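# Tertiary structure, described
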Amino acid sequence: MFQFSSLLALCLLARLVAAGPCDIYASGGTPCVAAHSTTRALFSAFTGSLYQVKRGSDGATLNIAPLSAGGVANAASQDSFCAGTSCLITTIFDQSGRGNHLTQAPPGGFNGPAAGGFDNLAAANGAPVTLNGQKAYGVFISPGTGYRNDATNGIATGDAAQGMYAVLDGTHFNNGCCFDYGNAEVSAHDTGNGHMEAIYFGTETTWGTGAGRGPWIMADLENGLFSGGTAGNNPADLTITSRFVTAVVKGEPNQWSIRGGNAASGALSTFYSGVRPNVAGYNPMHKEGAIILGIGGDNSNGAQGTFYEGVMTSGYPSDATENSVQANVVAAKYATTSLVSGPAVSVSSAVSFRATTACCTTRFIAHTGDTVNTQVVSSTSASALKLSASWTVVAALSSAAAGCVSFESRDTPGSFIRHFDFELMVNANDGTQQFAEDASFCPQSGINGQGNSIRAWGYPTRYFRHFNNDLYVADNSGVNTFDAASLWNNDTTWVLSAAFA
Ligand SMILES: *[C@@H]1O[C@H](CO)[C@@H](O)[C@H](O)[C@H]1NC(C)=O
């Protein structure tokens, strides 16, 4: 009898130790009614599919599951399925059992950029990380990308209480509207104040700001990003400086809170806890219960960010419950991993890029004024042409693209290859966050099996591609002429060599 109960106690202890975020919320009396993650199971017993990827070459799909119950996603299965082609994340499954899956967001008050006004899907390999040393992929949201579910089960509506947390990349953000995760309108249109309650992360300053320059965690309550109890500045809402961030927003009748912290160490801080904004519509709330990721409630899709995991609960979680969830997130040991692959493209080297498509193997990436193109270049070409086809590799201009590179023109120092409307240009560095990001590229193993393919850091479905001898960042699932799937693998693959000049 004694032995039996010690065994029972040990088993209970083991279960407690292995508890996932949603086991913790359940023991706190505020169960998960939606649980989304491409990196790991959020219940200790979860063995089902975490997400689905779709392959560009043949449209086939694959569901990615955890390596073990409660474990990290099987990223290796994605890597082998997607080798030599592109893959998009089509579905982020709900682990709560309520079927609140996230799929490609449909058109709303703001229309999306893809065919039919739908938003784009995220590249499956845009946000590699490790959890306790095991590789996994987050959801890298570029402007124009979004996921949604307008027909949910169990998500709070009206003034009902809910909690949310999300683990995000603290260095991937912008000032567009709106990188959100949480509760929104079921119609994908702005239906008025208080019809949303979602976590926001970024530097959009139209409605609210916190201390410093941002990025900040705020609450998107519709027609307002709130950093505190009133619109405008709340100096207690601190700028986030960590690479991984845990963001928390929760609300109940006439009470809500913003909390946040470093998802890789330490505790959560409370940035706001108090009454609802004293503006018509926000008290009581009019939550509608749809779920959005990467966009605003009306499908505003100008924002960017990276999502690794997040949940929505029924009921207002206690701070103590959230503190235990934060400890669980920290114990998952999120860490960065390399964004590059294939032959090394070394900083300080000078390179030329040769096309590999059969039509064009004597052509190299060069520029004519601002326009980046391919031209036939050889060792006997005029020195001006050789110089225009030569590029100095420097560390990525964007610090968010650590380990990636930028390409400085050899004949126009201070000017770099950057994409603009997905066309490659050579422009002088204007020092903005936008320029730095648009000039940051992550070399990968060549898609057609030769040298390198050069991926746009901020749009990881897009690679350097020659099309009618001009250069673009092209996506074989995109809608532009230069995104054509035919020859995409060859047109996006380059053999790099020492520069002509
Ligand atoms: C495309 O690349 C493959 C692999 O390098 C090569 O075998 C094939 O000939 C190329 N096709 C064209 C049209 O360039």
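Residues numbered from 1 in each chain as written. Predicted model: local features only at pLDDT ≥ 70, side-chain atom pairs only at ≥ 80, totals over all residues. Heavy atoms only, no water.

It is worth spelling out the site of the ligand at this point. Close to the ligand lie Thr 357, Ala 358, Asn 448, Gln 450, Leu 487 and Asn 490, which account for all nearby residues. A distance of 2.9 Å separates an oxygen atom of the ligand from a polar atom in the side chain of Gln 450. In this structure, an oxygen atom belonging to the ligand sits 2.3 Å away from a side-chain N or O atom of Asn 490. Here the ligand, which alone exposes 360 Å², has 51% of that area covered by the protein. By residue class, the composition of the shell around the ligand is two nonpolar, four polar and no charged. (Near = heavy atom within 4 Å. Polar contact = N/O pair within 3.5 Å; in protein donor to acceptor, adjacent residues only side chain to side chain. Areas by Shrake-Rupley, 256 points an atom, 1.4 Å probe, with all protein chains shown as cover. Nonpolar A, V, L, I, M, F, W, Y, C, P; charged D, E, K, R; others polar.)

We now examine the state of the cysteines. Scanning the entire structure with this criterion turns up five disulfides. The side chain of Cys 177 participates in a disulfide bridge whose partner is Cys 178; the two sulfur atoms lie 2.0 Å from each other. Between Cys 177 and Cys 178, the S-S torsion sits near -95°, and that sign places the bridge as left-handed. Since its relative accessible area comes to 1%, Cys 178 is described here as buried. (Disulfide = S-S within 2.5 Å. Buried < 20%, exposed > 50% of the residue type's maximum accessible area, 1.4 Å probe, protein only.)

Right, let's get into the confidence of the model for the protein chain. Confidence in the prediction for the protein chain averages 95 pLDDT; 97% of positions are at 70 or higher. Across residues 1-5, confidence stays below pLDDT 50; counting only partners more than four residues off in sequence or on other chains, it has zero contacts. Across residues 7-17 the pLDDT falls below 50, and counting only partners more than four positions away or on other chains, this stretch makes zero contacts in the model. (pLDDT = per-residue confidence, 0-100. Contact = heavy atoms within 4.5 Å.)

A separate point is the pairing of strand E12 (residues 197-202). Among the six residues of E12, six are classified as buried, and the element is accordingly described as predominantly covered. The two faces of E12 match: Glu 197, Ile 199 and Phe 201 on one face and Ala 198, Tyr 200 and Gly 202 on the other face are all buried. Two strands pair when backbone bridges link them, and strand E11 (residues 180-184) and E12 are joined in this way by four bridges, in the antiparallel orientation. The residue bridging Tyr 181 from the neighbouring strand is Ile 199, located in E12. (Helix = DSSP H or I, 4+ residues; strand = E, 2+ residues; numbered from the N terminus. Pairing = 2+ DSSP bridges.)

This part is about unusual backbone geometry. With an omega of -10°, the peptide bond running from Cys 177 to Cys 178 counts as cis. Within the secondary structure, Cys 178 is located in the loop between strand E10 (162-169) and E11. The peptide bond linking Asn 283 to Pro 284 adopts the cis configuration, its omega dihedral lying at 0°. In this fold, Pro 284 is placed in the loop between strand E19 (269-274) and strand E20 (290-293). The backbone of Phe 422 sits at a positive phi, close to 70°, despite the residue not being glycine. Following the sequence through the fold, Phe 422 ends up in the loop between strand E28 (415-420) and strand E29 (423-428). Within the chain, Asn 469 stands out as a residue other than glycine whose phi angle is a positive 70°. With respect to the helices and strands, the residue Asn 469 is situated in the loop between strand E32 (459-467) and strand E33 (470-474).

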